[in-house]
Amino acid sequence: MFTDLSTLYDRLFPLCRSITGPGLRESLEMFAEVMPLQIHGIASGTPVLDWTVPPEWSVQSARLIGPEGEVVCDFADHNLHLVNYSCPYQGKMSLEELQPHLHSLPHLPDAIPYVTSYYNPRWGFCLPHRQRMALKEGEYTVDIRTSHYDGEVNFATCELPGDSDEVVLISSYLCHPSMANNELSGPLGLLRMYEHLKALPRRNYTYLFLLCPETLGSIAFLSRFGQDLAQKIRGGLVLTCLGGHRDTLSFKMSRRDWLEEPSSIDRLARRFAETYPDQFEIRPFTPTSGSDERQFCSPGFNFPVIQAARTVYGQFVEYHTSADDKRLMRIEQVERAADTLAEFMQVFDYDGLLLRSTQPFGEPQLGRRGLYPTMNSPMNRSSSNDAAVDQRQTLNRLLMILSLADGTKDINQIAAHIGCGADAILPILQELRAQDIIVTERAS
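These numbers come from a predicted model, not from an experiment.

Draft legend 1. Spatial organisation of the sheet that holds strand S14 (residues 249-252). With respect to topology, eight strands assemble into an open sheet ordered S1-S10-S12-S11-S13-S16-S14-S15, the strand pairing being mixed. Whereas interior strands pair on both sides, the edge strands pair on one side only; in this sheet they are strand S1 (38-43) and strand S15 (280-283). Averaged over all pairs of adjacent strands, the angle between their axes in this sheet comes to 25°, without regard to strand direction.

Draft legend 2. The packing of aromatic side chains, seen in detail. The full count for this structure, using the stated rule, is 19 aromatic pairs. Relative to Phe280, the ring of Phe272 has its centre 5.4 Å away and its plane inclined at 90°; by these criteria the two rings are edge-to-face. Across the pair, Phe280 and Phe272 agree in class, each one buried. Members of the aromatic cluster, joined through ring pairs, are Trp51, Trp57, Tyr85, Tyr118 and Tyr119.

Draft legend 3. Here's a closer look at the packing of helix H1 (residues 5-12) against helix H5 (residues 180-198). Running from amino to carboxyl end, H1 crosses H5 at an angle of 135°, the nearest separation of the two axes being 11 Å. Classified by the angle their axes make, H1 and H5 are oblique. You can see that H1 and H5 cross each other, and the crossing is right-handed. On H5, the residues touching Leu5, Leu8, Tyr9 and Leu12 of H1 are Ala180, Leu184, Leu188, Leu191 and Arg192. Considered class by class, the residues forming the contact of H1 with H5 number eight nonpolar, no polar and one charged.

Draft legend 4. Spotlight on the pattern of salt bridges. If you walk through the whole model with that rule in mind, you get 22 salt bridges. For Asp163, the salt bridge is made with Arg202, and the minimal N-O distance between the two is 3.0 Å. Taken together, the positions of Asp163 in the loop between strand S10 (152-160) and strand S11 (167-173) and Arg202 in the loop between H5 and strand S12 (206-212) put the pair 39 residues apart, joining distant regions of the chain. Asp257 is paired through a salt bridge with Arg270; the nearest N and O atoms lie 2.8 Å apart. Of the two residues, Asp257 is situated in helix H7 (residues 255-258) and Arg270 in helix H8 (residues 264-275); the sequence distance between them amounts to 13 residues. The exposure class assigned to Arg270 is partly exposed, which follows from its relative accessible area of 32%. Taken together, the salt bridges that share partners define one network made up of Glu166, Arg234, Asp351 and Arg442.

Draft legend 5. Structural detail: the pairing of strand S16 (residues 305-309). Taken across its five residues, S16 has five buried, putting it largely inside the fold. Side chains Val305, Gln307 and Ala309 project from S16 onto one buried face, and the interleaved Ile306 and Ala308 project onto a second face that is buried too. Sheet analysis places strand S13 (residues 233-239) next to S16, joined by four bridges and oriented parallel. In the strand pairing of S16, Val238 is matched with Gln307.

Draft legend 6. The arrangement of the sheet that holds strand S6 (residues 89-94) in detail. Ordered by their spatial adjacency, four strands build an open sheet running S5-S4-S9-S6, and the pairing between neighbours is antiparallel. Looking at the sheet topology across the chains shown, the edges are occupied by strand S5 (71-74) and S6. Neighbour to neighbour, the strand axes of the sheet diverge by 15° on average, direction disregarded. With three bridges joining them, strand S4 (residues 56-65) and S5 adopt antiparallel strand pairing. Its bridge partner lying in S5, Ile65 is registered against Val71.

Thresholds applied
Residues numbered from 1 in each chain as written. Predicted model: local features only at pLDDT ≥ 70, side-chain atom pairs only at ≥ 80, totals over all residues. Heavy atoms only, no water. Pairing = 2+ DSSP bridges. Helix = DSSP H or I, 4+ residues; strand = E, 2+ residues; numbered from the N terminus. Axes fitted to C-alpha atoms, helices over the stretch in contact; angles between N-to-C directions. Phe/Tyr/Trp six-rings, centres within 6.5 Å; stacked < 30°, edge-to-face > 60°. Buried < 20%, exposed > 50% of the residue type's maximum accessible area, 1.4 Å probe, protein only. Parallel < 35°, antiparallel > 145°, perpendicular 65-115°, else oblique. Left-handed = near helix turned anticlockwise from the far one by under 90°. Contact = heavy atoms within 4.5 Å. Nonpolar A, V, L, I, M, F, W, Y, C, P; charged D, E, K, R; others polar. Salt bridge = Lys/Arg side-chain N within 4 Å of Asp/Glu carboxyl O.

Now the structure itself:
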């Protein structure tokens, strides 16, 4: 049974999230209702790699009142109105004095921009540019009631065990307030991928799911678990911007690929893009932009972690504004992306494993296992019967898999020999494994 992502989105969207604080914890707790998350905390002031966990931040209220008593901005109406991590401030000032503390976007005059100041103390308000241009001269009242205090940074993990203790990391960030594609699409996609992978009767690798505030959260996670993970990681996937208008998914390659030493997950991403060019694209690794793959791929770790996105950050005008909403993101696009990426990950689950038939002497009797037509007639072979054609193609692929599964080839080599994508033979292979006709072996 899959979680209703639309209902969960509606609960998550209004919360004021940041890199720390009650909104982040409440969001993690909502995900913990539908997947068994372990929520971790690292105290303010603690060194995490080259960073230090900042004070925790919370908001009680924030309002900007105009010269005639009118409410210009109210945090209660939209939490993007307040610069994230704003210091408390109460006072009166002229419009000229206020202007350096206001933020708007001339090219998107009806949207509220998202502005942060995590590590430098300041305060400010964000508002649509059209509204800002209409502000009247006079005295404005600023009333920002926020708190910075010793607390912690939180992140959450969940593990799905497999036959091997080698780990595949699936990560997304949860820290932006009231934005959809650039925020909630990744965590919602992660949840759906968890549900797909949990439903598998068996998994070759162990899957570690991570939800964290971007940058600080992944750095905090790596400071605690990075050295242990380095001994076990097989590959990884960072999820971001999975909604929006684009039909194709794109993979940002890992640092290893950038250095022309591609990992197996890099190679699989390229195979998907080559096999299905209308569905997948490749983006090169860069340390100058992106998400938490920059931390996982930093030189000291150099993990084989790629990133997946649909409508990529910075490539849609609504990015980091109030216009990034549910209509832009589209829940069905997130679901489609997660379904596709779960299939990609199921193919990767066979990475490094050779396939061997347990019945190599003669064909195994497929009929008694429900894998062969019980009646042999011209109708089973008719090219005018679509169901028969599909059944015959599946049977042909099954027989070719059995012939090729001699303990020297993996899923990708077998698929290439058959002339199809590895995902096309995945259901057949899973059924053969479930009936113990095929087993997997580690490549030596």
